[in-house]
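Survey of secondary and tertiary structure
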Amino acid sequence: MKNLEDALNFLSQSNQNPSPSPSFSDEVNQRLIVMGETAQANVQMAQESQAGEFFNQKLIGLLSAAKAVSNKTQKVFWLRRASDLFGGAMQPFSACKAGCSHCCNIPITLSEVEANAIGKAIGVRPANLALNAGFMNSLKQDEQSGIRVGYDNPCVFLKDGACQIYSERPIVCRTHFNMDADDLLCRLEGDGNSIPVPMANCTSISLVQLTSFEKSKWADVLDIAIELAESKPDVDP
């Protein structure tokens, strides 16, 4: 396992130097010019923070624990621990703040293993889901179905701008951080999903999750949330 700097670099390399596009607003195109520098500065502060150093110290042990256990629910537990430490380092220096919920409106793929763990925690179990065997098959199905853009189909656990199952939210939600100055690039306007966003890079956590559950069944997190919510209409925060 590489150290924190080599394994993560915290920042997604693919979105550091995006090109302006005629399909984006002038405000967005102006931001794209400077977002890489802003994000790198925020990442540097996260790396040097006490939480960042603590995450660096604990990451290898947590991921090793996730890989070592055979029980898949326990794997979810250790991956969540790693994700929460990652979030503790990233969030203070990110654009993600309480009340911001743009990412609760985009398609995200979730494994059946984690869906069952969430269901158990909130007292229900997802059923009748259109699950796809294997992560890549699920992605292909999402591509064939088309990508949702906009705010007309939010996660059903989103209420008044807040997640009602925040303590049990998926791993992907725990590690999703925009390292820009604000939420401008996250706003789903027009073809907003294609706007490059300088996301914090949690590659090490993602790889262990994918290798642990790749052969599991996967579905869109919003589909799973709908099934869970319909099974338990009144979900307390």
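Up top you'll find the structure we're talking about.
The structure presented is a predicted model; accordingly, all values stated were derived computationally and were not measured. (Residues numbered from 1 in each chain as written. Predicted model: local features only at pLDDT ≥ 70, side-chain atom pairs only at ≥ 80, totals over all residues. Heavy atoms only, no water.)

1. With respect to the packing of aromatic side chains
Scanning the entire structure with this criterion turns up three aromatic pairs. Their ring planes at 65° and their centres at 5.6 Å tell us that Phe-55 and Phe-86 sit as a pair that is edge-to-face. Taken as a pair, Phe-55 in helix 3 (residues 50-68) and Phe-86 in helix 4 (residues 72-90) lie far apart in primary sequence, 31 residues in all. Here the two residues Phe-55 and Phe-86 agree in accessibility, since each one is buried. For the pair Phe-77 and Trp-78, a centre-to-centre distance of 5.0 Å together with 80° between the ring planes defines the contact as edge-to-face. By relative accessible area, which is 42% here, Phe-77 ends up partly exposed. (Phe/Tyr/Trp six-rings, centres within 6.5 Å; stacked < 30°, edge-to-face > 60°. Helix = DSSP H or I, 4+ residues; strand = E, 2+ residues; numbered from the N terminus. Buried < 20%, exposed > 50% of the residue type's maximum accessible area, 1.4 Å probe, protein only.)

2. Overview of the packing of helix 4 against helix 8 (residues 203-213)
One can describe the packing of helix 4 onto helix 8 by two numbers: an axis separation of 10 Å at closest approach and a directional angle of 170°. What the angle tells us is that helix 4 and helix 8 run roughly antiparallel. Seen from helix 4, the contacting residues are Lys-72, Lys-75, Val-76, Leu-79, Ala-82, Ser-83 and Phe-86; seen from helix 8, they are Ile-205, Val-208, Gln-209, Ser-212 and Phe-213. Taken together, the residues that form the contact of helix 4 with helix 8 break down as seven nonpolar, three polar and two charged. (Axes fitted to C-alpha atoms, helices over the stretch in contact; angles between N-to-C directions. Parallel < 35°, antiparallel > 145°, perpendicular 65-115°, else oblique. Contact = heavy atoms within 4.5 Å. Nonpolar A, V, L, I, M, F, W, Y, C, P; charged D, E, K, R; others polar.)

3. Topic: the side chain of Asn-105
You can see Asn-105 is positioned in the loop between helix 4 and strand 1 (109-111). Contact partners of Asn-105, with chain neighbours within four places excluded, come to Gly-150, Tyr-151, Asn-153, Pro-154 and Leu-188.

4. Digging into helix 4
The terminal C-alpha atoms of helix 4, which comprises 19 residues, lie 27 Å apart, in line with the 27 Å expected from a rise of 1.5 Å per residue. Among all positions in helix 4, only Lys-75, Val-76, Leu-79, Arg-80, Ala-82, Ser-83, Phe-86, Gly-87, Ala-89 and Met-90 are buried. Elements in contact with the buried residues of helix 4: helix 2 (26-48), helix 3, helix 5 (112-122), helix 7 (171-174) and helix 8. For helix 4, the N-terminal capping position is held by Asn-71, with its side-chain oxygen 2.9 Å away from the main-chain nitrogen of Thr-73. (Expected span 1.5 Å × (residues − 1). Polar contact = N/O pair within 3.5 Å; in protein donor to acceptor, adjacent residues only side chain to side chain.)

5. Observations regarding the nonpolar core
By size, the foremost hydrophobic cluster in this structure holds 25 residues, and its most contacted members are Leu-63, Leu-79, Phe-86, Met-90, Met-179 and Ile-205. Listing elements by their share of this core, those giving two or more residues are helix 2, helix 3, helix 4, helix 5 and helix 8. Per-element tally for this core: the top contributor is helix 4, with six residues. Of all hydrophobic cores here, the second largest spans ten residues; its members include Leu-32, Cys-186, Ile-195 and Met-199. (Core = buried A, V, L, I, M, F, W, Y, C linked by side-chain atoms within 4.5 Å.)

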